[in-house]
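# Structural features, examined
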Amino acid sequence: MTAAPSLADAANAPSLAVLQTRRADTVLRYRNAGVTLQPLDGGEPLRLVRGVDLEVQRSQVVALVGESGSGKTLTALSVLGLLPGNARFSADEALLNGRDLRQLGKAEWRRLRGADVGMVFQEPLSSLNPVLTIGDQIEEVLYYKRQLTRRQRRAEAIDLLARMGLPRPAQLLQDYPFQLSGGMRQRVMLAIAMAGEPALLIADEPTTALDNTVQAQVLELMVRTAEQSDVGVLLITHDLSVVAQVADQVHVMRLGEMVESAPVQQLFARPQAAYTRQLLALAPRIPAVVRQPLAEAGLPAPQAAQQAPAILQLDAVSKYYQQPRAWHFKAHKHLALDQVSFSLQRGRTLGLVGESGSGKSSLARIIAGLAQADGGQLRFEGADLSDPAVRAGASIQMVFQDPYASLNPRMRIGQLITEPLAEQPGWTAAQLRAQAARLLEMVGLPASALDRFAHELSGGQRQRVCIARALSVKPQLLVCDEPVSALDVSVQAEILALLQRLKKDLQLSMVFIAHGLESVYAISDDIVVLEKGRVVEAGPRDQIFGAPRHAYTRSLLDAMLDIDPARSRFKARPAAPAGAALARVA
Amino acid sequence: MSGVVLNTGTALQADAPAVAAQPSRLRHFLRALWRSRSGRFGALLLLLILLATLGADLLPLADPVKRHLSLRYLPPVWLDKGQWAYPLGTDGQGRDMLARIIYGARSSVMVGLAAVALSGAIGVAIGVLAGLRGGWLDQVLMRVVDAILAIPAMLFMLVVALVAGAGLAPLIVVIALTNWVIYTRIARAEVLRVKELEFVAAARVSRVRSSRLLLRHILPNILPALVVVATLNIGTVILTESSLSFLGFGIQPPDISWGQMLADGRQQLATSWWISTFPGVALTATVFSIILLGDWLRDYLDPRLP
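Residues numbered from 1 in each chain as written. Chains lettered and ligands numbered in written order. Predicted model: local features only at pLDDT ≥ 70, side-chain atom pairs only at ≥ 80, totals over all residues.

## Section: the sheet that holds strand E18 (residues 477-481) of chain A
All names here are of chain A. Selection rule: Strand pairing is assigned whenever DSSP identifies at least 2 bridges connecting the two strands. Per the convention used, a helix needs a DSSP run of H or I reaching at least four residues, while a strand needs a run of E reaching at least two, with both numbered from the N terminus. To get an axis, fit a line to the C-alpha atoms, keeping to the stretch in contact for a helix; angles then go from 0 to 180 degrees between the N-to-C directions.
The six strands are arranged E17-E18-E19-E14-E20-E21 in an open sheet whose pairing can be described as mixed. Here the strands that pair on one side only, and so sit at the sheet edges, are strand E17 (396-399) and strand E21 (534-540). The sheet shows a mean angle of 15° between the axes of neighbouring strands, taken without regard to direction.

Right under this line is the structure:
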């Protein structure tokens, strides 16, 4: 798609109307850009990105959407001149703020970064230097990019932090990154990126590592900053709801190529490419019916009198973490779980919901036996799990978040899957291998994966291996701690479907933890909402999502981003054109 | 799930690992070694050194301890007054340098390999124990390590050597007793890192036996760091041997070690440089070949690298 029609389409967007009264100049223009990687071992050059056309105006948010391996991050890095050494950039046209990116020397790149283009990364903790104060890191940019005096730098840094909505900016200058929360760190990152007064801001998955409630705040800040400072934003994300909320123009990338480019409303209403349609269909969403307030009146009473026996029962479970303080013998006690009680019926899935730090993972570890509760009681099929004999006999298995870290890199898949079985007497090597093949088939992997190592598989395949390993001992209860949050959208959908199927086929009971409420909705029967280690609300899924009673639950639900551009909470947009509603039903 | 029937076989070899039968591990190992340029070079160099060392008696060498007082300070053959009978020259007592280097390799390489193996075994065992058990045991063990690190190593070794006496075996023990602490620190740090990884948690959820947890999950994943340290450590240990031998402990004449030779030539460095230079070159070549080989070995053991 060329630039002309996209401009015409976007003409009715208010952001463009504002833009036309200001400088309507283009900040970034790529025509037929590509990135080629020369493998270090001297193989065929790989064309990782090709034929990319891109245009970002001032005050405009342009989203680059795609799954891992689509080349969206490489494209962004090429704007910064940060491609790996064996990668080569080519383009018919590559202009950043009027400068030709194809012929810059090292020193010119250095001047360009920070001054013309700022960057916000995904992981706010690792992109801030842990041994420098916030003030040092902002003032560094102000010194090198704008040559301000010491006093000016300080005033400007305070002003920047205040503009990012951070409280007590003056004191904050003396703080270190570890003292801030994730959302605050990302605000600081944004302040650093804006310190050089760039014309273009590149944000690579800026809110993926954040809780939903914080994500909404950071996104709003980003959109507002872009509008106020007249900065163009290139937003890289895999999350379509973020795109729907903040983007003006969307480019969808797949396997290094741009498959579709359109203004946001047009893209969501009338997706042209099959891949875009597929992405939109797979994006997890909660049906609008459920979230109607009228459900409060008409919802059937929660089925309290369920007949199914409880497979897992928690009674006032508490957990402390102690941090011994230097030179004090009194330890600082942090309450991670406070009197948590709930029960899970056989054959049902319980979704645990809460922000980070709410104790979800501590609870999962306690249920799986990786940690001990400091108070209260856990009962598995009526028997007390604190009894080692009961614990040894309890068939509880766990699936972890990071499919990269949860498989031993030095073992073959076949060994990995049957390791829990090999602990039981009576298995021969041949039987184990046959069983491993059966388990692989169960999770939809070919038997040829048996002799592979984990690094040879994709993220989704690895998570399937993890599930197969958990299932090898025929567990009755499966604890899933964020099993899909590290995966691509389409892979998430596959894994959720797999879990659903296995649950039905094997009559599994499940505890499912996720911070993405959409995936919790998709798989859970019951919901328990945790806030700071305390259960604030529990009940059947539709009741929690449809008629939340507790303020915290409501705030969690409100923080969910609507995957409908017309209902953006950050950007005023005209009513959706005809056809948009149709597409949403999918 | 009807298709999956859990098999409760009756065979007794419950522990037989489900390893895919590899065609030939040794052949695979050698082929991979030959394909790597640095690995091949290191292996060939080390092989050459080891062959010369073991086959020294078969080589047409001069008697390494026989003195020729008329032929003292003879330079190497390519210099003025050099003789083909003594290709690398002679030392202050007229002994053949080449023969002494080759015979000296026996004790030096022996001490290097044995002391590293011994201290590595002790150190890794203690480090893994401290890292896995934690608590008071970890505290006590690591304070012992700190204490040993705080004592000047040479002083400590001299005191132990005084008790243990001179000779090859006491020398190895003396070096190992001070040297194990570096392995302990690294093994403990690596265990602390690896034991928090999710695959260890997954194994614990499956109630995998602790012996298996250790051998399958923890040791293979802490190995790379240890291999690197061990290969570098061999050189240090050979030098320690030379210091101790120089001070009168360890290997004493008429037995030969590179350390002794380095020490002997120290006074004549300005006039007869070859006396300490050639043992130094031999030492460097040995350590270099071991480092290359260790580097390659670390990569070979990592399935993530092609």
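## Here we look at the packing of helix H9 (residues 258-265) of chain B against helix H10 (residues 274-300) of chain B
All names here are of chain B. Counted only if it meets this: Should an angle fall under 35 degrees it is taken as roughly parallel, and over 145 as roughly antiparallel, whereas 65 to 115 is taken as roughly perpendicular and any remaining angle as oblique. Left-handed describes a crossing in which the near helix is turned anticlockwise from the far one by less than a right angle; the clockwise case is right-handed. Any residue pair is listed as a contact if its two C-beta atoms, each placed from the backbone, are within 7 Å. Three classes are used, and their members are as follows: Ala, Val, Leu, Ile, Met, Phe, Trp, Tyr, Cys and Pro are nonpolar, Asp, Glu, Lys and Arg are charged, and the others, Gly among them, are polar.
At a closest axis distance of 7 Å, the pairing of H9 and H10 adopts a crossing angle of 150°. In terms of orientation, H9 lies roughly antiparallel with respect to H10. Our pair here, H9 against H10, has a crossing hand that is left-handed. Residues Trp 258, Met 261, Leu 262, Asp 264 and Gly 265 of H9 form the contact with H10, whose own contacting residues are Ile 275, Ser 276, Pro 279, Gly 280, Ala 282 and Leu 283. Across the contact of H9 with H10, the residue classes tally to seven nonpolar, three polar and one charged.

## Describing the sheet that holds strand E11 (residues 257-263) of chain A
Residue and element names in this part refer to chain A. Ordered in space as E7-E8-E9-E3-E10-E11, the six strands form an open sheet in which the pairing is mixed. Edge strands, defined here as strands with exactly one partner in the open sheet, are strand E7 (117-120) and E11. Direction aside, neighbouring strands of the sheet carry axes that sit 15° apart on average. In the packing of helix H3 (residues 72-80) onto the sheet, contacts are made with strand E3 (61-65), E7, strand E8 (200-204), strand E9 (232-237) and strand E10 (249-254), and the angle to E8 comes to roughly 145°.

## Regarding the confidence of the model for chain A
Close inspection of predicted coordinates is inappropriate for parts of the model with low pLDDT. All names here are of chain A. Cut-off, in case you're wondering: pLDDT measures the predictor's confidence residue by residue and takes values from 0 up to 100.
The predicted model of chain A has a mean per-residue pLDDT of 83, with 88% of residues at 70 or higher. Here residues 1-23 is modelled with pLDDT under 50, and outside its nearest four sequence neighbours on either side it reaches 32 contacts, counting other chains as well. Confidence drops under a pLDDT of 50 for residues 576-586, and excluding neighbours within four residues, the segment shows 18 contacts in the predicted structure.

## Examining the confidence of the model for chain B
Residues and elements named next belong to chain B. Residues of chain B with pLDDT of at least 70 account for 92%, and the chain-wide mean is 82. Below a pLDDT of 50 lies the segment residues 1-22, which in the model reaches 35 contacts outside its immediate sequence neighbourhood of four places, other chains included. Reported for the predicted complex are a pTM of 0.78 and an ipTM of 0.76.

## What about the nonpolar core?
This is how it is decided: Here a nonpolar core is just a set of buried residues of the types Ala, Val, Leu, Ile, Met, Phe, Trp, Tyr and Cys, joined wherever their C-beta atoms sit within 7 Å. Counts of 20 or more other C-beta atoms within 10 Å of a residue's own C-beta define buried residues, counts of 12 or fewer define exposed ones, and intermediate counts define partly exposed ones; C-beta atoms are placed from the backbone. Domain segmentation is taken from an automatic or database assignment of domains.
Of all hydrophobic cores here, the largest spans 177 residues; its most connected members are Leu200(A), Leu234(A), Leu235(A) and Val511(A). Composition of this core by domain shows at least three residues from each of domain 1 (1-107 + 240-286 + 570-586) and domain 2 (309-320 + 331-395 + 477-484 + 511-559) of chain A. Within the second largest apolar cluster, 55 residues are counted, among which are Ala99(B), Ala115(B), Ile251(B) and Leu297(B).

## Quick notes on the packing of helix H5 (residues 134-146) of chain A against helix H6 (residues 150-163) of chain A
All names here are of chain A. The interhelical angle for the contact between H5 and H6, taken along N-to-C directions, is 115°, at an axis separation of 9 Å. Considering the relative orientation of H5 and H6, their crossing is right-handed. Contact residues: H5 offers Gly 135, Ile 138, Glu 139, Leu 142 and Tyr 143, while H6 offers Arg 153, Glu 156, Ala 157 and Leu 160. Residues belonging to the contact of H5 with H6 are distributed by class as follows: five nonpolar, one polar and three charged.

## Considering helix H8 (residues 210-246) of chain B
Quick reminder of the rule: In this scheme, a helix's expected span is set at 1.5 Å multiplied by one less than its residue total.
Over its 37 residues, H8(B) runs only 46 Å from end to end, short of the ideal 54 Å by more than 12%, given 1.5 Å per residue. Once H8(B) ends, the next one or two residues include Gly248(B), with phi positive near 100°.

## Comments concerning the environment of Phe121(A)
Residues and elements named next belong to chain A. Here Phe 121 lies in the loop between E7 and H5. Along the sequence, Phe 121 and Lys 145 sit 24 residues apart, while their C-alpha atoms lie 20 Å from each other. Apart from the residues within four sequence positions on either side, Phe 121 is in contact with Ser 127, Met 189 and Asp 204.

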